[in-house]
Amino acid sequence: MAKKVKVTELANEFQLEVVSGEKGLKRPITVDDLNRPGLEMAGYFEYYPTERVQLLGKTELAFLRMLPEEERRDRMSRLCHEETPCIVVTRCLDVPQELVDISNERDLPVLRSPMSTTILSSRITGFLEGKLAPTTTIHGVLCDVYGIGLLITGSSGIGKSEAALELVKRGHRLVADDAVEISQTADNQLHGTAPELIRHLLEIRGVGIINVMTLFGVGAIRNHKRITLVVRLEAWQQDKQYDRLGLDEETTRIIDTDVPLVTIPVRPGRNLGVIIEVAAMNFRLKRMGVNAALQFTNKLTATIAEDNDDMD
């Protein structure tokens, strides 16, 4: 189901004055793009994006005042489309009477803000992107390890929370345990946070639920973090061939974004906290252009080639 934001939420968020069309405050906003109807003021409505929030600034209203009364009413009538969620006037400018009359007739909210058009446009876009972003909830643990947003996944009881506790003890930060709410921004970045009910809490079997912020301090938690690496924990399988060099680069898809994936087998005696920490550091090195596995492979290939030359 497509996400929606009601006009009243937008008005409350930015303390917008309702000038007219109050009965339409429950209209839905379904896209995060805005429109400044410059060409529309000149009478060109061929590609008018009716589904967007319409933003009227100093330029649009100054041009509108130059038009004859009949043309002004025609422009405002066509601007107030039944699909248009609302019209926002910036800089506390006077709202044309034609717009007030038509918006009241059609129950289309006209809002007003003291902010400049550029600033308000940027803030509304950011607000709508956050509210309308695709979201999902994943069973796992999200930590900030050396600045890397690291999502730990795996079957129930595999040791995700215990690994997170070890990471927190080593100075890293917990974002979410058990359930991670993930949203995808317009540029396909993934951001994770914890549901309000379990924020800052960590469940350790045999101990119970602990409050990480209370036990380890405010420096041990974060409210949200961009996800850049997924670590999947799985029970050790004797017959399975695991990557021993690190040349194979896997990915996993979350919503519509592919994220690098590291699979770590779990068995008694392995310090998961340290292994996950090293995985995060190695991922940072690869992003900086340092790939130890590739360097080793190239060096090995060169050594074998030299030995073959000596044999010849």
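All of these numbers come straight from a predicted model, not from anything done at the bench.

Bringing the sheet that holds strand β4 (residues 34-35) into the picture now. Across the sheet, five strands lie side by side as β2-β7-β6-β5-β4; this open sheet has mixed pairing. Edge positions in the open sheet fall to β2 (17-20) and β4, since each of these has one partner strand only. By the bridge criterion, three bridges tie strand β6 (residues 87-89) to strand β7 (residues 110-112) in an arrangement that is parallel. Residue pairing for β7: I87 is matched across the bridge by V110.

Moving on, we come to the layout of surface pockets. Put simply, the second largest pocket is a space of about 160 Å³. Lining the second largest pocket are 14 residues, with H139, G157, K160, S161 and R205 positioned closest to its centre. Of all the elements, helix α7 (residues 160-169) adds the most residues to the lining of the second largest pocket, at three residues.

When the UniProt feature table is mapped onto this chain numbering, "binding site: Mg(2+)" (unreviewed entry) sits at S161 and E203. For the residues just named, distributed over 43 residues, the greatest C-alpha separation is only 6.5 Å, placing them together at one site. Among the annotated residues just listed, those that line the second largest pocket are S161 and E203. Following the sequence through the fold, S161 ends up in helix α7.

Topologically, S103 is positioned in helix α5 (residues 97-106). The class of S103 is buried, set by a relative accessible area of 0%. A distance of 2.8 Å separates a polar side-chain atom of S103 from the backbone oxygen of L99. Every residue in contact with S103, bar those within four places of it in the chain, is listed here: S20, G21, C80, L108 and V110.

About the criteria used
Residues numbered from 1 in each chain as written. Predicted model: local features only at pLDDT ≥ 70, side-chain atom pairs only at ≥ 80, totals over all residues. Heavy atoms only, no water. Pairing = 2+ DSSP bridges. Helix = DSSP H or I, 4+ residues; strand = E, 2+ residues; numbered from the N terminus. 1 Å grid on protein atoms, 1.4 Å probe; cavity = no way out; pocket = protein on both sides within 12 Å on 5 of 7 lines; lining within 4 Å. Points joined across faces, edges and corners; volume = space filled by probe spheres on them. UniProt positions renumbered as here; feature names shortened; annotations may be inferred. Buried < 20%, exposed > 50% of the residue type's maximum accessible area, 1.4 Å probe, protein only. Polar contact = N/O pair within 3.5 Å; in protein donor to acceptor, adjacent residues only side chain to side chain. Contact = heavy atoms within 4.5 Å.

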